[in-house]
Amino acid sequence: MVEISRRLEQAAVGSLFRYSPTRNVQSPNSSRHLSPRSLPDPLFPWLTSIYRALDEFRRRPEKFGDSLRVLLENCISNFSDDEQYRDDARFLKICILYGDVTEDFKRIFEMMEAKGICQGQSMLFEAYAAFLIAKGDLLEANKVYRLGISRNAEPLERLKRMYAMFLKHVEDIIQNAAPESQVNKIVHERQDQFCVDPWSTSVIDSFLKKKETCIKKYAGYHVSNKSYSGKASLSSLQNSSRNKTLELGGKKYQIKGCSGVGRFAQVYKAFVDNNPDDVVALKIQRPAFPWEFYMYRLLDERIRSEERSSFGFAHRAHIYADSSILVTDYLPHGTLQDAINSHLVTNKVMEEVLCIHYSIEMLRMLETLHSVGIIHGDFKPDNLLVRYSREELSADGFSSRTGNWADQGLCLVDWGRGIDLGLFPAGTNFIGDCHTSGFRCVQMQENHPWTYQVDTYGLCVIVHMMLHGSYMTLEKKAKPDGSARYQPKKPFKRYWKVELWSNLFSTLLNNRSNESDVMLLQSLRKSFEDHICNNQQMINQLKHLLARQKSSLGLT
């Protein structure tokens, strides 16, 4: 943070004269016998005097401190109500200098805010935040940065960069501060006002370093400081992968096709040691990314055995200098996106009872995850694999998820954006954008902190896709108290169970609290379960539709 303070000091006091007015301004010497108000630029003589006083102050601060303070005070008093200087960068620097000299930046900031002085200039917010950081008040500095960004103060990108530097500083404190340090006490006492990007490289790297000893002890974790050097190069797989073989940890993986391609990773279906009954998925990522394996082992530790099949399994991770290969279960039944598309190709949408079934599954998933301090962070239909029961579903067992119903449902995969809340101090809020079109929660869209909303918003989008066959667009309605309420633009069909869907969207889209949402999710899940369990005909219809869906995907 020394760099922040140094930049602001230079900006505030080192450039008072880096300005050339468009009008013809007389020199300070020729104008000294004239009234300042008679000059085209009345502020200019003050700048000359301030510059000289500042030079004297630098040489002998104990002697000239008071005179500099009085000069700055008189200047601000003379020009603070002058419209001509409402957005003048030079006057802003004078105010910043005064706040620094008097060490009462709060008062000068409040005055400038009340009078609308330079409220659109990022330097005001940068300087005040730097002053607060120097005083150790990180909480107020965080507020000031966010205030400037919310007002789109220019240059906005510079302000955002300075804020990012600040957040990195806060992250370092959270990770490295001693328990007895004063700043760490502030962080823990009022952490709810702090915002951290949980997906930033620095945050993830610091956690991996902190957990390195623990991760190395995980079963299936293999690390090498060398690049992967198998016969089939990893880069060649992108062009032609079928029947190529990767040798990893004494096992041979015969690749049978590509299951998915992302920006940084590719997923392949593979036989283990040429055994068609032993099928896995290989996720190859460059650069190496051990975080996802950590998240899978975290699921092993925290999720109850009866719920574990809903969240995918990782068998091994091979970490190399240039890449990583994650070996996970392979589920052959496609994704929830595939199931949605199978209806759309016939110009239809998913039947409501199927939508209810999958909504119950997703609500239960998030309820389970959030109750143990885990956020998925990338909750979308492509990452939800469909699980089908091997045997025909029975009439009983739906509500309790017993019998064959225990194998019927969804499986959440792709944990690269997973968040372990246990690694952050209690009450930490998050910033950071998922950059996934259509899945940016309201808080991301409005530049507000978020926690669990990143998952619940994704759930709402998926439900909307199932019901309407399209991505969700929101309608923002103002309330009498000045707040706003969000709802999907597309209306519900009259013959749907409108109160159920309306309650789901209204509750999740308008949940502003960053506290635990487990009770809320549980309540929503039970409302859907009660509706379907009170009607045996609906359960029979659900059984038929699931069997038909499985058949339509060629999975019989």
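Think of each chain on its own: its residues are numbered from 1, step by step along the sequence as written. Reporting of local features is limited, given that this is a predicted model, to residues whose pLDDT is at least 70; pairs of side-chain atoms are given and counted only at 80 or more, and all residues count toward the totals for whole chains, interfaces and linings. Only hydrogens and water are set aside; all other atoms, that is, all heavy atoms of the structure, feed into the side-chain values.

**Q** So what exactly am I meant to see when it comes to the overall build of the protein chain here?
**A** For the protein chain, the count of helices and strands is 19 helices and 15 strands. Taking all 556 residues of the protein chain together, the buried fraction comes to 51%. For this analysis, residues touch if any pair of their heavy atoms sits within 4.5 Å. If you take every contact in the protein chain between residues at least 6 apart in sequence, the share linking residues at least 24 apart comes to 64%. When the accessible area of the protein chain is evaluated, it comes to approximately 26,700 Å², of which 48% is carbon and sulfur surface. Labels follow the DSSP assignment, with helices taken as runs of H or I lasting at least four residues and strands as runs of E lasting at least two, numbered in each case from the N terminus. Only protein chains enter the calculation, and the probe is 1.4 Å; a residue is then buried if its accessible area is under 20% of its type maximum, exposed if over 50%, and partly exposed in between. Throughout, the Shrake-Rupley method with a 1.4 Å probe supplies accessible areas, and for residues the shown protein chains are the sole cover considered.

**Q** Could you clarify how one ought to interpret the pairing of strand E4 (residues 251-261) in this entry?
**A** Look at any regular strand and the pattern is simple: side chains alternate between the two faces of the sheet. Two elements, strand E3 (residues 245-248) and E4, share four bridges in a ladder whose sense is antiparallel. Bridge pairing in E4 places Leu-246 opposite Tyr-253. Remark: two residues form the turn of the hairpin made by E3 and E4, two consecutive strands paired antiparallel; Gly-249 in that turn has positive phi of roughly 55°. Here E4 pairs with strand E5 (residues 265-272) via seven bridges, running antiparallel. When the sheet's bridge partners are listed, Tyr-253 is paired in E5 with Val-272. By this definition, two strands are paired if DSSP reports at least two bridges between them.

**Q** When you look at the side chain of Thr-456 in this model, what are you seeing that I'm missing?
**A** Within the fold, Thr-456 resides in helix H16 (residues 453-468). Those residues in contact with Thr-456 that sit more than four places away from it in its chain are Leu-366, His-370, Leu-508, Asp-517 and Leu-521.

**Q** Help me out: how do you make sense of the packing of aromatic side chains in this one?
**A** Two numbers describe a pair of aromatic rings. These are the distance of the centres and the angle of the planes. Aromatic pairing here means that ring centres of Phe, Tyr or Trp (its six-membered ring) are within 6.5 Å. Orientation follows from the plane angle: under 30 degrees is stacked, over 60 is edge-to-face, and everything else is tilted. In total, this model carries 23 aromatic pairs according to the counting rule given. With centroids separated by 5.4 Å and ring planes inclined at 35°, the aromatic side chains of Tyr-145 and Tyr-163 adopt a geometry described as tilted. Here Tyr-145 is found in helix H7 (residues 138-150), whereas its partner Tyr-163 is found in helix H8 (residues 156-176), with 18 residues between them in sequence. Residue class for Tyr-145 comes out buried when judged on its relative accessible area of 0%. Ring pairs connect the aromatic residues Trp-199, Phe-207, Trp-291, Tyr-294, Phe-424, Phe-430 and Trp-450, which therefore count as one cluster. Only when the NZ of Lys or the CZ of Arg is both within 6 Å of the ring centre and within 35 degrees of the ring normal is a charge said to sit over the ring. It is Arg-308 that lies over the ring of Phe-313; its NZ or CZ is 4.4 Å from the centre. The ring of Trp-199 carries the charged tip of Arg-417 above its face, separated from the ring centre by 4.4 Å.

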